[in-house]
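Next come the chains, spelled out residue by residue.
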Amino acid sequence: MISLDTETTGVDMHHGAKPFFVTTCNDQGDLEFFEWHVNPINRQPEIPSEDLNTILSMVRVNNLVLQNPKFDVSALASLDARFGDEWPWERTDDTLIAGHLLHSSMPHDLTSMVLHYLGEDMQPFENRLQDACNKSRAMARSKFPEWRIAKKGADDMPSAKEKNWKYDLWLPRALARELKYPDDHPWWTVCQEYANRDAETTICLWPVLLAEIKRRGLYEIYRDRMRLLPVAYKMQAVGVSVSRERLTELTEEYAESAVRSGRVCVNIAKGLGYELSLPKGGRNKSLNTFIFDTLNLPVLKYTDTGNASMNKDVLSEYYHVLPTRSKERMFIQSLRNSRQLNTAVSYMEGYTRFWVPMKGADGRHIDDWYRLHPSLNPTGTDTLRWSSSNPNEQNISKKEGFNLRYCFGPAPGREWWSMDAKNIELRIPAYESREEEFIALFERPDEPPYYGSNHLLIFHLLWTDLWETAVKEVGPDKVGVHCKKRYASSNYQWTKNGNFAVQYGAIDREDGTGTADVAYHQPGAQAKIKARFTKQEALNQWCIRYAEKHGYIETLPDKTVNASRGYPLVCTRTEYGRIKPTVPLNYRVQGTAMQWMNKAMVRTQDQLDEWNRGRNLADQFHGIMQVHDELVFDFPKSSRHPMLDRGIFTRVSNLWRARRLQQLMAQGGDDIGVPTPVNLEYHDSSYDQGITL
DNA sequence: TTCGGTAGCGCC
DNA sequence: AAAGGGCGCTACCGAA
């Protein structure tokens, strides 16, 4: 077994960042490393081709252990595609996946884990490197202004923030070389020492983690988790397509609108004798003074640190209380608009920073189309959810007036299929606790009066009189649709809000000031619900007791992995050391839903790989996005629309393939003992427009 | 100029 | 004592 570690000139491999240092260490402690000079003018490494062949041959024959191999494989693949195509994932171990499994809420960076599991402090190595980088950056800035030092805003490093010395690890040595420093100058070796130490500690850390995993009976779960890495790698490598034309259209529309709203705000303030400088983001001092001192609006909520809040709920409250057609109300409404529009515009600016022109099979740019490659992190959360960054693909808005999904969609010659689990986070606790009324709801989604809607069931319970009146008016078949429409922005919306609060574990208070009761607009609502659905509440209490005793809660067991136990998720504690009671059931549900999703991703990827065997890249089937309970697939476009699949004309479109993936996803329900039907949507041209099939 | 904390807001 | 879970990104602001 060897460990392998790569140092790069940045994290934006799709924008020219490259490895310049690769180090390996075998289990005897023998190091072998490759360091390449980086041309400071274009930041490209100068690599003898035999080095890559040597590294590749080591990868081909050894068992491997890496800290976050997805990063290294992406980096090496940017030099030579064979690293991506041939990477032996089945022979690869990951200390990051292992670290999360052993303690989901601790930091999983190598330095932290080495300190925790080996008792060794690597921080001095990192500090020396940081110091050398910062000093050499300052020197290069003054002596060699044409050298390309990492900088926020540079178009070849869209991820760069203000703090970016890690993108210039190559620089101390390049300067030592340029300035002909003596051989014993530390800048020659400071990066090498750091990188080599990483490789050495990785190979030492691995057996310790593995032994602990086995001792705790988690080995099957570890192996199951490792199947995710090639799936994440492929998803990230393929990326998501964006239309420039549609993004430009939206940007212009929203930017203009934002300017108009902002102008209204400034003018109203001026009319009241206040020179407002409007923030582009949430708030600034000028706005604070205006809202709380000039308009004298009351403080309705406090931020985490105890300051007066001015978030969207507070603004919404102001809006509804202020007199119609008053200056104040108009101000608040314009402020809400301007904030939302500015947020949308800044998201879109992020997309244009990160996107890369989309290439066709002939290598030419497909006019108007670009691709994003968000970075996916399967260990990014304290549960089993993944995180996504640079840019985040998990917060693409579908709100009216903020519909960024419009910009995304299949490129010419492609079609998208999206699939999401129906109500999976409601189903899991309902089935686990055997809460019959909820189960009935899920089992009979086509029956009146609720037609499978949890919100309507609760609406009926909380607003019985409104419901009964409506039944008399329109009958039991239509009562749901009627109430949903009639009370869309009042009681029905409140019910939804309250239900989410309850789902996420809001704590009830007797005086009606609990989060859920406030959301429901009905004191005692949550108590009423608890009294009706006692089994689910009992499950909640069991989870809290379990977490108090063990410090963690487990996901529901997956019978194909380990029938007797699930993935342990360490629960957050309060400042007083107790388990936060809102956490355990939440983690159990969220974690189990993601275990389901993980199985769905592995199963569907196996199917896609089978379909893709022997196909040209342009004709392949890809998984491209995962948003917690939703997967999006990118297919070659069929010449026939899926709606034409009827009667004897089956398989005229890709519908049968989509159905196959849908079925593979739903199969995960058997593994956890919860029925999990999956919705299917076809997207002809845009992510925001889909046909349900 | 750099950097970290805070607030706000998008998603599920 | 006090309790709605999980994220990432941007703007703002003040301190170093």
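Described below are features of the structure shown in this document. (Residues numbered from 1 in each chain as written. Chains lettered and ligands numbered in written order. Predicted model: local features only at pLDDT ≥ 70, side-chain atom pairs only at ≥ 80, totals over all residues. Heavy atoms only, no water.)

## Comments concerning the overall build of chain A
Scanning chain A from N- to C-terminus turns up 26 helices and 19 strands. Over its C-alpha atoms chain A spans a radius of gyration of 28 Å, differing by no more than 12% from the 26 Å that the globule rule assigns to 693 residues. Overall size of chain A, expressed as C-alpha extent along the three principal axes, is 90 × 65 × 60 Å. Within chain A, the fraction of its 693 residues that count as buried is 53%. (Helix = DSSP H or I, 4+ residues; strand = E, 2+ residues; numbered from the N terminus. Rg over C-alpha atoms; globule rule 2.2 N^0.38 Å. Buried < 20%, exposed > 50% of the residue type's maximum accessible area, 1.4 Å probe, protein only.)

## Quick notes on the protein's contact with DNA strand B
What surrounds DNA strand B is a group of 28 residues, the closest being Arg283, Thr303, Thr305, Arg339 and Arg385. The protein-proximal atoms of DNA strand B, defined as those within 4 Å of the protein, are 86% sugar or phosphate. Arginine 283 is positioned such that a nitrogen or oxygen atom in its side chain is 2.4 Å from a phosphate oxygen of DNA strand B. One of the side-chain N or O atoms of tyrosine 347 is found 3.2 Å from a sugar or linking oxygen in DNA strand B. Tallying contributions element by element places helix H14 (residues 327–354) first for the surface near DNA strand B, with three residues. For the surface near DNA strand B, a count of residues per class yields five nonpolar, 12 polar and 11 charged. (Near = heavy atom within 4 Å. Polar contact = N/O pair within 3.5 Å; in protein donor to acceptor, adjacent residues only side chain to side chain. Nonpolar A, V, L, I, M, F, W, Y, C, P; charged D, E, K, R; others polar.)

## Section: the sheet that holds strand E9 (residues 356–359)
Pairing is antiparallel in the open sheet, where three strands are placed in the order E8-E10-E9. Each edge of the sheet is formed by a strand with only one pairing partner; in this case those strands are strand E8 (240–243) and E9. Between one strand axis and the next, the sheet turns through 55° on average, direction left out of account. In terms of strand pairing, E9 meets strand E10 (residues 365–372) through three bridges, oriented antiparallel. Paired with valine 356 across the two strands is arginine 371, which belongs to E10. (Pairing = 2+ DSSP bridges. Axes fitted to C-alpha atoms, helices over the stretch in contact; angles between N-to-C directions.)

## Observations regarding the pairing of strand E18 (residues 678–683)
Remark: a regular strand shows side chains that alternate across the two faces of the sheet. With six bridges joining them, strand E13 (residues 414–421) and E18 adopt antiparallel strand pairing. Its bridge partner lying in E18, serine 418 is registered against glutamate 681. Both E18 and strand E19 (residues 691–692) contribute to a ladder of two bridges, which runs antiparallel. For glutamate 681, the partnering residue across the bridge sits in E19 and is threonine 692.

## A few points about a negative patch on the surface
Taken together, the side chains of Glu245, Glu249, Glu252, Glu253 and Glu256 present a region of like negative charge at the surface. By relative accessible area, glutamate 245 is classed as exposed at 55%. (Patch = residues over 30% accessible without salt bridge, like charges linked within 9 Å, V, L, I, M, F, W, Y side chains within 5 Å. Areas by Shrake-Rupley, 256 points an atom, 1.4 Å probe, with all protein chains shown as cover. Salt bridge = Lys/Arg side-chain N within 4 Å of Asp/Glu carboxyl O. Lys, Arg positive; Asp, Glu negative; His and termini not counted. Charge placed at Lys NZ, Arg CZ, Asp CG, Glu CD.)

## Structural notes on the protein's contact with DNA strand C
In the region of DNA strand C, 33 residues are neighbours, and Asn284, Asn390, Arg509, Thr515 and Tyr587 sit closest. Here lysine 285 contributes a backbone N or O atom positioned 2.8 Å from a phosphate oxygen of DNA strand C. Measuring from a phosphate oxygen of DNA strand C, one finds a side-chain N or O atom of arginine 509 at 2.6 Å. Of all the secondary-structure elements, those providing two or more residues to the surface near DNA strand C are H14, strand E12 (387–389) and helix H24 (584–612). Among the residues forming the surface near DNA strand C, the class breakdown is eight nonpolar, 17 polar and eight charged.

## Re the packing of aromatic side chains
The description of two aromatic rings rests on the distance between their centres and on the angle between their planes. Applying the stated criterion to the full structure yields 25 aromatic pairs. Centre to centre, the rings of tyrosine 450 and tryptophan 467 are 5.6 Å apart; their planes meet at 40°, and the pair counts as tilted. With tyrosine 450 in the loop between helix H16 (436–443) and helix H17 (454–462) and tryptophan 467 in helix H18 (residues 464–474), this pair connects stretches of sequence that are 17 residues apart. Overall, the relative accessible area of 2% leaves tryptophan 467 in the buried class. Taken together through their ring pairs, the aromatic side chains of Trp417, Trp611, Phe621, Phe635, Trp656 and Tyr682 make up a single cluster. If you follow arginine 246 out to its NZ or CZ, it ends over the ring of tyrosine 406, 5.5 Å from the centre. (Phe/Tyr/Trp six-rings, centres within 6.5 Å; stacked < 30°, edge-to-face > 60°. Lys NZ or Arg CZ within 6 Å of the ring centre and 35° of its normal.)

## Considering the environment of valine 231
Relative to the helices and strands, valine 231 is located in helix H10 (residues 228–238). Apart from the residues lying within four places of it in its own chain, the contact partners of valine 231 are Met601, Val602 and Gln605. (Contact = heavy atoms within 4.5 Å.)

## As for the side chain of serine 159
Here serine 159 lies in the loop between helix H6 (123–143) and helix H7 (171–178). A polar contact of 2.5 Å, which involves the side chain of serine 159, links it to the side chain of aspartate 12. Looking at serine 159, its side chain comes within polar contact range of the side chain of asparagine 390, at 3.4 Å.

## Observations regarding the sheet that holds E18
Strand order in this open sheet of five strands is E16-E17-E13-E18-E19, and the pairing throughout is antiparallel. On the outer flanks of this sheet lie strand E16 (622–626) and E19, each paired with one strand and no other. Direction of pairing for E16 relative to strand E17 (residues 630–636): antiparallel, over a ladder of four bridges. Residue pairing across strands places histidine 622 opposite aspartate 634, the latter belonging to E17. Strand contacts of H24: E13, E16, E17 and E18, with the helix running at about 10° to E17, the strand carrying the most contacts.

## Some points on the nonpolar core
In this structure, Trp87 and Met419 are the most contacted members of the largest nonpolar core, which totals 119 residues. When residues of this core are assigned to their parent elements, the largest contribution, 12 residues, is made by H24. One finds Leu250, Trp355, Leu372 and Val627 within the second-largest nonpolar core, a separate group that totals 27 residues. (Core = buried A, V, L, I, M, F, W, Y, C linked by side-chain atoms within 4.5 Å.)

## Section: the packing of helix H9 (residues 219–226) against H10
Two quantities define a packed helix pair, namely the angle between the helix axes and the distance between the axes. Relative to each other, H9 and H10 sit at 20°, their axes nearing to 5 Å. In terms of axis orientation, H9 runs roughly parallel to H10. Across from Asp224, Arg225 and Met226 in H9, the residues of H10 making contact are Leu228, Leu229 and Pro230. Partitioning the contact of H9 with H10 into residue classes produces four nonpolar, no polar and two charged. (Parallel < 35°, antiparallel > 145°, perpendicular 65-115°, else oblique.)

## A word on the environment of tyrosine 181
Looking at the element boundaries, tyrosine 181 is found in the loop between H7 and helix H8 (190–215). Under the relative-accessibility criterion, tyrosine 181 is labelled buried at 19%. Those residues in contact with tyrosine 181, other than ones at most four positions away along the chain, are Met139, Ala176, Trp187 and Trp188.

## Overview of H6
An ideal rise of 1.5 Å per residue puts 30 Å on 21 residues; H6 measures up with 30 Å between its terminal C-alpha atoms. Residues of H6 that are buried make contact with helix H5 (110–118), H7 and H8. (Expected span 1.5 Å × (residues − 1).)

## Some points on the pattern of salt bridges
Per the counting criterion, the structure on display carries 27 salt bridges. Note that aspartate 671 is salt-bridged to lysine 599, the shortest N-O span being 2.9 Å. Here aspartate 671 is found in helix H26 (residues 668–672), whereas its partner lysine 599 is found in helix H24, with 72 residues between them in sequence. Accessibility classification places aspartate 671 together with lysine 599 in one group, the buried group. Salt bridges linked by common partners bring Asp558, Lys599, Arg603 and Asp671 together as one network.

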